[in-house]
Amino acid sequence: MKNLLIHNGRLIDPASGIDGQFDIAVAGGKIAWIGDNQPPAGDYEVIDAAGQVVAPGFIDLHTHLRQPGFENKETIATGTRAAARGGFTTVCAMPNTSPAVDNRTVVDYVNCVAFGEAAVRVLQIGCVSKGRKGESLAEFGEMAAAGVIGFSDDGSSVPTSRLLKQAMEYAAGLGLPIIEHCEDASLADGGQVNEGIVATRLGLAGIPNAAEDAIVARDIALAKLTGARLHLCHISTRGAVDLIRQAKSDGVKVTAEVTPHHLTLTEELCLGYDTNAKVNPPLRTQTDIDALIEGLLDGAIDAIATDHAPHTANDKCCEFALAPFGISGLETALGSLLRLVHCGKLPLPLIIEKLTAAPARIIGKKHGVTGSLGVGDPADIVIFDPDAEWTVDPGKFASRGRNTPLAGERLKGKVTATICRGNTVYREGN
Ligand SMILES: NC(=O)N[C@@H](CC(=O)O)C(=O)O
């Protein structure tokens, strides 16, 4: 591993309040020095970051790596390479694999493959219920001992309040959050897109905002009752943002994430029956987007996570109603989010905070990610050019999932290098 000197960049590290022209030296996989004068003597590979932003490596709280079981959609190797290209140095893998990650053996298997094949750090989320069936609790204690960062049946909500209460009591005892996909199954059943004018025009069943809001309200009530930590996935509705804001002011231990696609795309994208725009929760309306942005600004929403959900071309090449939900999001996340910066809706340091320090706080220190660039921290770093324009070409994705509704779109903001634990895991052109 070479020592690195990242020179001339604009360093933005929200965790330590730094935003300015500073150089960083990396040695032994850690941040060794930050300054604006002479680095400590040494033999460095120099990266010239003039005109670029240098920030902590992004942390994705919500990634579908698909291995084991769906390696035709993605593998730990390809998903983490896609992460590296997107500027992510840590991904939290969701457990809706086959077999599902509901016991220690599967957690160990994923850790083992990741150790040999992953380009970036892989943390794992274990299931809430055995086989994600919503019937009985998965092996919480042994999965916690194997290092999971929380429990989720993502893809579905925990179906009964009773099971969720029990899950929260166990999770609280282990100091880990319940990470919930918020969707009332009976309200969403058969739904393909957001319930509203677009669903009507397309002749497709809709998923109402209330399907999300109802579960958010239930889960908050149970978090209040049990004192457990609750993290809410891919929030997409104005009503959910209001509920979370209120719960936080009531002292409930709730955090929430939002995806780049729910912040930037509306339901109209489905009007051409593009199955690549079919995602769960569905793309919603500008009113919802405005509330999500407000939520990021006032802290109701803590973090940005991709919900990278890769599928094969075959999976998506069918009638809209038969296609699986999901967008391949790791490689377009930054460019999508910077649209909000370039049009003045969100400040760049805030977006970086929501991709670094905020998810690190939710994961907690014991899992080895800090989301910051303090001296002595692991050298997880992203370098990106906020003004570089590029055209999304899914054919060039490192991910096996080319399912993006952004194909052919121009994005402004491009990762040029990603460094994970001091290793350069992505460099533009390589
Ligand atoms: N978010 C998605 O659209 N898809 C997820 C599962 C899910 O949350 O429905 C997937 O695993 O493909």
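Residues numbered from 1 in each chain as written. Predicted model: local features only at pLDDT ≥ 70, side-chain atom pairs only at ≥ 80, totals over all residues. Heavy atoms only, no water.

- Looking up the protein in an unreviewed UniProt entry gives the name Dihydroorotase, with the organism given as Dehalogenimonas alkenigignens.
- On record in UniProt, under Catalytic activity (unreviewed entry), the comment for the protein is "(S)-dihydroorotate + H2O = N-carbamoyl-L-aspartate + H(+)".
- The heading Pathway (unreviewed entry) in the UniProt record of the protein holds the text "Pyrimidine metabolism; UMP biosynthesis via de novo pathway; (S)-dihydroorotate from bicarbonate: step 3/3." (UniProt positions renumbered as here; feature names shortened; annotations may be inferred.)

### Overview of the site of the ligand
- Taken together, the neighbourhood of the ligand is formed by 13 residues, with Arg 66, Asn 96, Asn 280, Asp 307 and Gly 326 sitting nearest.
- Contact between the ligand and Asn 96: an oxygen atom at 2.9 Å from a side-chain N or O atom of the residue.
- In isolation the ligand exposes 310 Å². Once the protein is present, 92% of that is buried.
- Considered class by class, the residues forming the shell around the ligand number three nonpolar, seven polar and three charged. (Near = heavy atom within 4 Å. Polar contact = N/O pair within 3.5 Å; in protein donor to acceptor, adjacent residues only side chain to side chain. Areas by Shrake-Rupley, 256 points an atom, 1.4 Å probe, with all protein chains shown as cover. Nonpolar A, V, L, I, M, F, W, Y, C, P; charged D, E, K, R; others polar.)

### Some details on the state of the cysteines
- Going through the model one piece at a time under the given rule, you end up with zero disulfides.
- In this structure Cys 112 is not part of a disulfide, and its nearest cysteine sulfur, from Cys 420, lies 18 Å away.
- Classification of Cys 112 by relative accessible area gives exposed; the value is 56%.
- Cys 182 supplies the cysteine sulfur nearest to Cys 233, a cysteine that is in no disulfide, at a spacing of 6.9 Å. (Disulfide = S-S within 2.5 Å. Buried < 20%, exposed > 50% of the residue type's maximum accessible area, 1.4 Å probe, protein only.)

### Looking at the packing of helix H12 (residues 333-342) against helix H13 (residues 348-355)
- The contact between H12 and H13 brings their axes to 9 Å, and the two run at 150 degrees. The angle between H12 and H13 places the two elements in the roughly antiparallel class. As for how H12 packs across H13, the hand of that crossing is right-handed. Here Leu 337, Leu 338 and Val 341 of H12 come into contact with H13, specifically with Leu 348, Ile 351 and Leu 355.
- Considering only residue class, the contact of H12 with H13 consists of six nonpolar, no polar and no charged. (Axes fitted to C-alpha atoms, helices over the stretch in contact; angles between N-to-C directions. Helix = DSSP H or I, 4+ residues; strand = E, 2+ residues; numbered from the N terminus. Parallel < 35°, antiparallel > 145°, perpendicular 65-115°, else oblique. Left-handed = near helix turned anticlockwise from the far one by under 90°. Contact = heavy atoms within 4.5 Å.)

### What about the nonpolar core?
- In this structure, Phe 140, Phe 151, Ile 178, Leu 232, Ile 235, Leu 263 and Phe 384 are the most contacted members of the largest nonpolar core, which totals 82 residues.
- Among the domains, domain 1 (3-53 + 378-427) and domain 2 (57-367) are the pair contributing at least three residues each to this core.
- Apart from the residues lying within four places of it in its own chain, the contact partners of Ile 178 are Val 128, Phe 140, Phe 151, Leu 164, Ala 167, Met 168, Ala 171, Arg 229, Leu 230 and His 231.
- Counting 17 residues, the second-largest nonpolar core is a separate cluster that includes Leu 202, Leu 265, Phe 320 and Phe 397. (Core = buried A, V, L, I, M, F, W, Y, C linked by side-chain atoms within 4.5 Å. Domains from an automatic or database assignment.)

### Quick notes on the domain arrangement of the protein
- Each assigned domain of the protein is listed with its residue range as follows: domain 1 (3-53 + 378-427) and domain 2 (57-367).
- For domain 1 and domain 2, the distance between their C-alpha centroids amounts to 25 Å.
- For the pair domain 1 and domain 2, the summed buried surface comes to about 3,200 Å²; carbon and sulfur atoms form 62% of the total.
- The tally of links from domain 1 across to domain 2 stands at two salt bridges.
- Arg 121 serves as the salt-bridge partner of Asp 380, at 2.6 Å between the closest nitrogen and oxygen. (Buried area = accessible area lost by both parts, 1.4 Å probe. Salt bridge = Lys/Arg side-chain N within 4 Å of Asp/Glu carboxyl O.)

### Quick notes on the environment of Thr 370
- As for its placement among the helices and strands, Thr 370 is situated in the loop between helix H14 (357-363) and strand S17 (381-391).
- For Thr 370, a relative accessible area of 33% gives the class partly exposed.
- In the structure, Thr 370 is positioned 313 residues away from Gly 57 in sequence and 9.8 Å away in space, judged by C-alpha atoms.
- In this view, Thr 370 contacts Ala 360, Asp 377 and Pro 378; residues no more than four positions away in its chain are not counted.
- Only 3.4 Å separates the side chain of Thr 370 from the side chain of Asp 377, close enough to count as a polar contact.

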